[in-house]
Amino acid sequence: MTSNSYSSAEGHIHEPPLRGIKRWLLTTNHKEIGSLYLIFSLVMFFIGGTMALVIRAELFQPGLQLVQPEFFNQMTTMHGLIMVFGAVMPAFVGLANWMVPLQIGAPDMALPRLNNFSFWLLPLAFSLLLSSLFMEGGGPNFGWTFYAPLSTTYAPPSTNFFILSIHLAGISSILGAINIIATILNMRTPAMKLMDMPLFVWTWLITAFLLLAVMPVLAGVVTMMLLDINFGTSFFNAAGGGDPVLFQHLFWFFGHPEVYIMILPAFGIASMIVPTFARKRLFGYRSMVYATASIAILSFVVWAHHMFTVGLPLAAQLFFMYATMLIAVPTGVKVFNWVATLFHGSISFEVPMLFTLAFIVQFTIGGLSGVMLAIVPADYQYHDTYFVVAHFHYVLVPGAVFAIIAGVYYWLPKWTGFYPDETLGRWHFWLSVIGVNLTFFPMHFSGLAGMPRRIPDYALQFADFNLLSSLGGFLFGMSQLLLIWVVVRCVRGGKPAPDKAWEGAEGLEWQVPSPAPLHTFSTPPEFIPERDSPGRA
Amino acid sequence: MSGSYYVPASSKWPILMVVVLALLVIGAGSSLSFGHGFGLFLAGMVGVLVMMFVWFRDVIHESRSGLYDAQMDRSFRMGMAWFIFSEVMFFAAFFGALFYIRVFALPWLDGEGEKGISALLWPDFSASWPLLKTPSDAFTGPAEVIDPWHLPLLNTVLLVSSSITLTIAHHALKNDQRNKTKLWLLLTLILGFVFLVVQGIEYVEAYTQLGLTLQAGVYGGTFFLLTGFHGLHVTLGACVLTVILLRVWRGHFSSRSHFGFEAASWYWHFVDVVWLGLFIFVYVV
């Protein structure tokens, strides 16, 4: 590790870091950019969360009391867009930025300047999106799925800003995914074969592929919207020979892989944390990899299950129903493997493990309601009800968001050098679990009883369930303030963490100091597959 | 892989690129939505070009100072390859839309199959491709469509030949025949340029003589969507090749290391393949 053996690049590597705002604006360091992504995602999580609370406050009791329906529509739309594109996706990219180079023994991301660009596109994209709320005619009000013709013929004038912000966020995702793929395929420490990679790396490799395959399709569909709105084309207008259903096909060809983009890295995080706190090697490493790949491939042929009620031919409905149900198989493999890893393990229940265990249980609930929704005749009843809202919030909030929080608690000692406060973390966990289930579990019932989604008022018989959901929503929202408190305290100090912060943790990231120095693995670390590979027991 | 991987120091180009992109999108959005701000859009456009120039200049400079090793080269290759993959998916969406319209949407509008009820709206509509008569009078279909065996065929010949001339230039570069490289690269550029001119003539003809416009129902929409985005990609590819030609002129690249050249030629071949798809599915079939 002597520095004089390096090439001329050495001078750049050890340049003293810039100070103040310039350090963050100009950085090319994967750890700093990872932190930026995570902070951005947290800010968006609270903005999107505030919108969710506006929705829940309005729905606290029947009748219209707080906001106008037009504004309510903007809140449901913006809440969805911000949580999907601004909170969950950037959080996973942030974790990838921090952890992928550390887990594969790389000096940085493959294309560091591009990495900076990918990040800084996001604040631009979302300021643009949020600014549309204040424009004449209001912001996007057509739901986060922005179906035509609501989003074309009947859209507010600000829709062009929405389209452009989706373009920017899409470019950010595509460039970020290119960077992650190149990093994983090209920057591993020499002895690490693909089948030696930690599962978080594997899931991100596959996620990055999904991003590259579907973000351009999203770009394509919003471009067609732009042309329909401004240049008189008729892609989504049957009067000119187009078809609004075409919009839905294109959107969901993007949209369904997108939901796996938001869950595969969560699987990866769970597959890191469960073995650590069960103190066992992960059960079925190879089957985990194959299951992840199978889910990704299947995700391209299930999109129309979002559209069963739009009037698809019977053959298409059957195909998409069975294909969708097939996804339960590799997903079941994953859940089985996590449970089998726990079996006979020496389990301890630190905060990351608590969030991960809750993730497994609650994600499974969301998965099972997904199988219910896949059944065409049943979906005729559930479609566009709160049952759907319950389903996708179960996979996204107690699913993906819990996994992100678990990952944050798990890797915070590596980032800051200090353990997060265990007591506060437990409070955060239990309040979150109670809040999230109180919010979303009653939605299954209101949905099965027929309460439509995206409507600011409802019939009296749904009042009790909505009251519970609203109470739960505020409990969950407020308890996330604890997360900020825990993170801020952890950055400032606490119980110092050793290199290997968790007793049962395996992997290269635990071989560098805590906190990880700005530059790690300037030379590739030693990796002995027989000893270090999670794939070989 | 011995610690020589070049990790650039902090850079101001990415954030400045975001700033000029901000001008571009704010200008575009506000001129489309509210009718003013086109100047800002143009300023953003110019800014993006300037930023690309300075950013790539730095990369080229680093490359030529020998800061990049074989691993870095692989990163660039993977980056370009996956970028082209994303472009393939972008066009796949448009081709998918075209096929969906032709195979499903129009016959259904005509009353075929279980979705026949949409025929109640426009009982006189009959599906055909090219769609000369749209379901509603709100849109006027084209009077005629482009004959594939004239200008489009010429364009096919032009673009396919340009791929061949580019490959000849590449082989010449590999054999260190710099003058031959310049000549064939220049020829490639000329072919690309002529292609764009012919495409322009075709567009003018479509608009002025055939009534084939963006507003001419879904045929016009898909026609201009696919050919238009392809044309933009040809333009971009031609700009990149121009830069490559200037670099060859300045003595950049060696017979063994010339990834910039290769990336540009991958892109050019990709655009060529897209054209073949267009020629078959937009013009001929």
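Keep in mind that what you see is a predicted model, and the values were worked out from it rather than measured.

Calculation rules
- Residues numbered from 1 in each chain as written.
- Chains lettered and ligands numbered in written order.
- Predicted model: local features only at pLDDT ≥ 70, side-chain atom pairs only at ≥ 80, totals over all residues.
- Heavy atoms only, no water.
- Helix = DSSP H or I, 4+ residues; strand = E, 2+ residues; numbered from the N terminus.
- Buried < 20%, exposed > 50% of the residue type's maximum accessible area, 1.4 Å probe, protein only.
- Contact = heavy atoms within 4.5 Å.
- Areas by Shrake-Rupley, 256 points an atom, 1.4 Å probe, with all protein chains shown as cover.
- Lys, Arg positive; Asp, Glu negative; His and termini not counted.
- Charge placed at Lys NZ, Arg CZ, Asp CG, Glu CD.
- Axes fitted to C-alpha atoms, helices over the stretch in contact; angles between N-to-C directions.
- Parallel < 35°, antiparallel > 145°, perpendicular 65-115°, else oblique.
- Left-handed = near helix turned anticlockwise from the far one by under 90°.
- Domains from an automatic or database assignment.
- pLDDT = per-residue confidence, 0-100.
- Core = buried A, V, L, I, M, F, W, Y, C linked by side-chain atoms within 4.5 Å.
- Expected span 1.5 Å × (residues − 1).
- Bend = angle between axes of the 7 residues up to and from the residue.
- Buried area = accessible area lost by both parts, 1.4 Å probe.
- Salt bridge = Lys/Arg side-chain N within 4 Å of Asp/Glu carboxyl O.
- Polar contact = N/O pair within 3.5 Å; in protein donor to acceptor, adjacent residues only side chain to side chain.
- Phe/Tyr/Trp six-rings, centres within 6.5 Å; stacked < 30°, edge-to-face > 60°.

Peer 1: Looking at this model, I keep getting lost on the overall build of chain B. Mind explaining?
Peer 2: The helix and strand inventory of chain B stands at 7 helices and 0 strands. For chain B, the sequential pattern of α-helices and β-strands runs α-α-α-α-α-α-α. In terms of overall dimensions, chain B has a C-alpha envelope of 70 × 40 × 35 Å along the principal axes. Counting only residues that meet the buried cut, chain B has 52% of its 285 residues in that class. For chain B, contacts bridging at least 24 residues in sequence account for 70% of all contacts bridging at least 6. Accessible surface, chain B: about 13,100 Å² in total, of which carbon and sulfur atoms supply 70%. Counting 15 positive and 17 negative side-chain charges, chain B places the centres of these two groups 18 Å from one another.

Peer 1: Sorry if this is basic, but what is going on with the packing of helix α3 (residues 30-58) of chain A against helix α16 (residues 463-492) of chain A here?
Peer 2: Each pair of packed helices gets described by two things: the angle between the helix axes and the distance between those axes. All names here are of chain A. Their axes nearest at 10 Å, the elements α3 and α16 cross at an angle of 160 degrees. If you check the angle between α3 and α16, you find them roughly antiparallel. Classified by chirality, the crossing of α16 by α3 is left-handed. On the side of α3, the interface is formed by Leu42, Phe45, Phe46, Leu53, Arg56 and Ala57, while α16 contributes Asn466, Ser469, Ser470, Gly473, Phe474, Phe476, Met478, Gln480, Leu481, Leu483 and Ile484.

Peer 1: Got a minute to help me understand the domain arrangement of chain B in this structure?
Peer 2: A common measure of how large an interface is: the accessible area buried when the components associate. If you check the domain split of chain B, you get domain 1 (8-65) and domain 2 (72-284). Here the C-alpha centre of domain 2 of chain B lies 25 Å away from the C-alpha centre of domain 1 of chain B.

Peer 1: Is there a simple way to think about the environment of Gly435 of chain A in this case?
Peer 2: Residues and elements named next belong to chain A. Counting through the fold element by element, Gly435 comes out in helix α15 (residues 422-448). Exposure remark for Gly435: the relative accessible area of 0% places this residue in the buried category. Taking C-alpha positions, Gly435 is 18 Å from Pro352, a pair spaced 83 residues apart along the chain. Leaving out residues up to four positions away in the same chain, Gly435 has contacts with Gly472, Leu475 and Phe476.

Peer 1: In this structure, what is going on with the confidence of the model for chain B? I would like to understand it.
Peer 2: In the predicted model, chain B carries a mean pLDDT of 94, and 98% of its residues have values of at least 70. Across the predicted assembly, pTM comes out at 0.95 and ipTM at 0.96.

Peer 1: What's the story with the confidence of the model for chain A in this structure? I'm lost.
Peer 2: When pLDDT drops low, the exact placement of atoms in the prediction is not to be read closely. Taken as a whole, chain A shows an average pLDDT of 95; of its residues, 97% reach a score of 70 or greater. Long-range and interchain partners of residues 1-12 of chain A, a stretch whose pLDDT sits below 50, account for 13 contacts in this model, where long-range means more than four residues apart.

Peer 1: Can you help me understand the nonpolar core in this one?
Peer 2: General note: in soluble globular proteins, nonpolar side chains tend to be found buried as a group. Residues Phe85, Phe126, Trp204, Phe236, Trp338, Phe359 and Trp411 of chain A are the most contacted members of the largest nonpolar core, which totals 285 residues. Counting residues per element, this core draws most heavily on helix α7 (residues 199-230) of chain A, which supplies 23 residues. Looking at which domains feed residues into this core, each of domain 1 (8-65) and domain 2 (72-284) of chain B supplies at least three. In this structure Phe126 of chain A touches Phe40, Met44, Leu81, Ile82, Phe85, Gly86 and Ala169 of chain A, once residues within four positions along its chain are discounted.

Peer 1: Could you clarify how one ought to interpret the side chain of Thr207 of chain A in this entry?
Peer 2: Checked against the element boundaries, Thr207 of chain A lands in helix α7. With residues up to four places along the chain from it excluded, the contact list for Thr207 of chain A reads Ile261, Leu264 and Pro265 of chain A.

Peer 1: I keep staring at the environment of Phe85 of chain B and nothing clicks. Help me out?
Peer 2: Within the element layout of this structure, Phe85 of chain B appears in helix α3 (residues 70-109). The exposure class of Phe85 of chain B is partly exposed, given its relative accessible area of 22%. Through-space distance from the C-alpha of Phe85 of chain B to that of Phe99 of chain B is 20 Å; in sequence the pair is 14 residues apart. Beyond its immediate sequence surroundings of up to four residues, Phe85 of chain B is in contact with Phe209, Leu212 and Ala213 of chain A.

Peer 1: Explanation requested: α3 of chain B in the structure shown.
Peer 2: An α-helical segment advances 3.6 residues per turn. Residues three or four places apart therefore align on the same side. Residue and element names in this part refer to chain B. End to end, α3 covers 57 Å across 40 residues, agreeing with the expected 58 Å (1.5 Å per residue, within 8%). At Ile101, α3 is deflected by roughly 45 degrees, the largest bend along its length. Of the residues flanking the end of α3, it is Gly111, one or two places downstream, whose phi is positive at about 105 degrees.

Peer 1: How should the interface of chain B and chain A be read in this particular structure?
Peer 2: Tallying the contact residues gives 69 residues for chain B and 77 residues for chain A. In total, about 6,100 Å² of surface goes out of reach between chain B and chain A, with carbon and sulfur atoms giving 74% of it. Summed over the shared surface of chain B and chain A, the number is 1 salt bridge. Between Arg113 of chain A and Glu62 of chain B there is a salt bridge whose closest N-O contact spans 2.7 Å. Taken together, chain B and chain A are joined by 14 residue pairs in polar contact (both at pLDDT 80 or more).

Peer 1: Please explain the packing of aromatic side chains as it appears in this structure.
Peer 2: The description of an aromatic ring pair uses the distance of the two centres, along with the angle that the planes make with each other. Residue and element names in this part refer to chain A. Applying the stated criterion across every chain yields a total of 80 aromatic pairs over all chains. Their ring planes at 90 degrees and their centres at 6.3 Å tell us that Trp144 and Trp252 sit as a pair that is edge-to-face. In this pair, Trp144 sits in the loop between α5 (112-131) and α6 (159-186) while Trp252 sits in helix α8 (residues 244-261), placing the two residues 108 residues apart along the sequence. Take Trp252: its relative accessible area is 7%, and that puts it in the buried class. Centre to centre, the rings of Phe209 and Phe300 are 6.3 Å apart; their planes meet at 75 degrees, and the pair counts as edge-to-face. Of the two residues, Phe209 is situated in helix α7 and Phe300 in the loop between α10 (285-298) and α11 (314-342); the sequence distance between them amounts to 91 residues. Residue classification places Phe209 among the partly exposed residues on the basis of a relative accessible area of 30%. Since its relative accessible area comes to 16%, Phe300 is described here as buried.

Peer 1: Would you explain the packing of α3 of chain A against helix α4 (residues 69-104) of chain A in this entry?
Peer 2: All names here are of chain A. Packing of α3 against α4 brings their axes to within 7 Å, and their N-to-C directions diverge by 155 degrees. One element, α3, and the other, α4, form an angle in the roughly antiparallel class. Here α3 and α4 pass one another in a crossing that is left-handed.

Peer 1: Quick question: what am I supposed to make of the pattern of salt bridges here?
Peer 2: Once the charged atoms of two side chains with opposite charge are near each other, the side chains can pair. All names here are of chain A. Within this structure, the stated rule accounts for 9 salt bridges over all chains. In this structure, Arg489 and Asp421 form a salt bridge, with 3.0 Å as the shortest nitrogen-oxygen distance. On the criterion of sequence distance, the pair formed by Arg489 in helix α16 and Asp421 in the loop between α14 (386-416) and α15 is long-range, its members being 68 residues apart. Residue classification places Arg489 among the partly exposed positions, given a relative accessible area of 37%. Of the residues examined, Asp421 reaches a relative accessible area of 23% and is grouped as partly exposed.

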